[in-house]
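# Structural overview
One-letter residues, chain by chain:
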Amino acid sequence: MRDDLTIAVGELYQAIRHEHWQGKTYRQFWTWFNDRCIEIVGMAETADLDTLGIALLEVRDAIEAGGYMVGSDRLDETIDAEM
């Protein structure tokens, strides 16, 4: 995977840290995350897509472990300090 994609995925890991999202809604988080993933995939060359896909799934696993995976009925709830 190209360096710029590796850096972008690393930045995702930094940006999903809880202190960046407390006080905002899950909907804001998911809108940002989905938009950013689309941007990153758009930067990729065809040869990078498989590796990038795996890396983005690993970020999504970290998101799930962080407690951001909520049902659609909770998207407008505020992310609190106790996650």
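These notes cover the structure that comes with them. (Residues numbered from 1 in each chain as written. Predicted model: local features only at pLDDT ≥ 70, side-chain atom pairs only at ≥ 80, totals over all residues. Heavy atoms only, no water.)

Helix and strand content of the protein chain: three helices and zero strands. Counting only C-alpha atoms, the protein chain reaches 40 × 20 × 15 Å along its principal axes. Taking all 83 residues of the protein chain together, the buried fraction comes to 31%. For the protein chain, the share of sequence-separated contacts (at least 6 apart) that also reach a separation of at least 24 residues comes to 77%. Within the structure as shown, the protein chain displays about 5200 Å² of accessible surface, and the carbon and sulfur contribution to it stands at 51%. (Helix = DSSP H or I, 4+ residues; strand = E, 2+ residues; numbered from the N terminus. Buried < 20%, exposed > 50% of the residue type's maximum accessible area, 1.4 Å probe, protein only. Contact = heavy atoms within 4.5 Å. Areas by Shrake-Rupley, 256 points an atom, 1.4 Å probe, with all protein chains shown as cover.)

Before going further, it helps to examine the environment of Ala47. By secondary structure assignment, the location of Ala47 is in the loop between α2 (26-43) and α3 (49-65). Along the chain, Ala47 and Arg2 lie 45 residues apart, while their C-alpha atoms are 9.7 Å from each other.

Moving on: the packing of α2 against α3. Direction vectors running N to C along α2 and α3 enclose 165 degrees, while the axes themselves pass 11 Å from each other. Compared by their axis directions, α2 and α3 come out roughly antiparallel. Of the two possible hands of crossing, α2 and α3 adopt the one that is right-handed. Where α2 approaches α3, its residues Phe29, Trp30, Phe33, Asn34, Cys37, Ile40 and Val41 are matched on the opposing element by Leu49, Leu52, Leu56, Val59, Arg60 and Ile63. In terms of residue class, the contact of α2 with α3 is made up of eleven nonpolar, one polar and one charged. (Axes fitted to C-alpha atoms, helices over the stretch in contact; angles between N-to-C directions. Parallel < 35°, antiparallel > 145°, perpendicular 65-115°, else oblique. Left-handed = near helix turned anticlockwise from the far one by under 90°. Nonpolar A, V, L, I, M, F, W, Y, C, P; charged D, E, K, R; others polar.)

Attention now moves to the packing of aromatic side chains. Under the definition given, this model contains nine aromatic pairs. Ring geometry for Trp21 against Trp32: centres 5.3 Å apart, planes inclined by 45 degrees, an arrangement best described as tilted. Note that Trp21 is positioned in the loop between α1 (3-15) and α2 and Trp32 in helix α2, a separation of eleven residues in sequence. Here Phe29 and Trp32 contribute two aromatic rings whose centre-to-centre distance is 6.1 Å and whose plane-to-plane angle is 50 degrees, an arrangement assigned as tilted. On the criterion of helical spacing, the pair formed by Phe29 and Trp32 is a turn pair, its members being three residues apart in helix α2. Under the relative-accessibility criterion, Phe29 is labelled buried at 0%. (Phe/Tyr/Trp six-rings, centres within 6.5 Å; stacked < 30°, edge-to-face > 60°.)

With that settled, the discussion passes to the pattern of salt bridges. Taken as a whole, this structure holds five salt bridges when the rule is applied. Arg17 is the partner of Glu19 in a salt bridge, and the nearest nitrogen-oxygen pair spans 2.5 Å. For Glu19, a relative accessible area of 47% corresponds to the partly exposed category. Arg36 is the partner of Glu39 in a salt bridge, and the nearest nitrogen-oxygen pair spans 2.8 Å. Here Arg36 and Glu39 lie together in helix α2, a separation of three residues that amounts to about one turn. (Salt bridge = Lys/Arg side-chain N within 4 Å of Asp/Glu carboxyl O.)

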